[in-house]
Amino acid sequence: HTGSEAWVDSMGPPEGPLGIREAWRPWMVNAQVAGYVKSYADTRSVTDKGTLSFATVKGAGHTVPEYKPEEALHMFRSFINDRLL
């Protein structure tokens, strides 16, 4: 995930509008750490709209729904309902 994280980080100032909204923190499913998430926000926006989250899922590899279905569903529901992990 480090290459993807570096790519997202490269969109921050001075090159782009994304600033870190929230540093790495764990996200939970059933009181267990499911992975870690880092949130970004459009520094040009005065609202919380336009946020981007970069999330990892512990032990999932590239096929999260196959190996971590509960965590995948939690992430999907958070996205659909416009909630942060």
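Residues numbered from 1 in each chain as written. Predicted model: local features only at pLDDT ≥ 70, side-chain atom pairs only at ≥ 80, totals over all residues. Heavy atoms only, no water.

Looking only at helices and strands, the chain features 3 helices and 3 strands. Secondary structure elements of the chain, listed N to C terminal, follow the sequence α-β-β-β-α-α. If you take every contact in the chain between residues at least 6 apart in sequence, the share linking residues at least 24 apart comes to 38%. When the accessible area of the chain is evaluated, it comes to approximately 5,900 Å², of which 58% is carbon and sulfur surface. (Helix = DSSP H or I, 4+ residues; strand = E, 2+ residues; numbered from the N terminus. Contact = heavy atoms within 4.5 Å. Areas by Shrake-Rupley, 256 points an atom, 1.4 Å probe, with all protein chains shown as cover.)

This part covers the environment of Leu85. Here Leu85 is to be found in the segment after helix 3 (69-80). The contact partners of Leu85, leaving out residues within four places of it in the chain, are Arg25, Trp27, Val37, Ala55, His74, Met75 and Ser78.

Glancing now at unusual backbone geometry. You will see that Asn30, though not glycine, has its phi angle at about 55 degrees, which is positive. Residue Asn30 is classed as exposed on the basis of its relative accessible area of 58%. For Ala31, which is not glycine, the phi torsion reads 60 degrees and is therefore positive. Of note, Ala31 is situated in the loop between strand 1 (18-29) and strand 2 (32-42). Using a relative accessible area of 66% as the deciding quantity, one classes Ala31 as exposed. (Buried < 20%, exposed > 50% of the residue type's maximum accessible area, 1.4 Å probe, protein only.)

This part is about the confidence of the model for the chain. Segments scoring low in pLDDT should not have their predicted coordinates read at a detailed level. This prediction gives the chain a mean pLDDT of 85; 88% of its residues lie at or above 70. Here helix 1 (residues 2-9) is the element of the chain with the lowest mean pLDDT, 78, and helix 3 is the one with the highest, 96. (pLDDT = per-residue confidence, 0-100.)

Let's shift gears to the packing of aromatic side chains. Within the structure shown, the criterion is met by 1 aromatic pair. On the basis of an interplanar angle of 75 degrees and a centroid distance of 5.8 Å, the ring pair of Trp24 and Phe54 is categorised as edge-to-face. Of the two residues, Trp24 sits in strand 1 while Phe54 sits in strand 3 (residues 52-55), which places them 30 residues apart along the sequence. Of the residues examined, Trp24 reaches a relative accessible area of 33% and is grouped as partly exposed. Accessibility expressed as a relative area gives 11% for Phe54, which makes it buried. (Phe/Tyr/Trp six-rings, centres within 6.5 Å; stacked < 30°, edge-to-face > 60°.)

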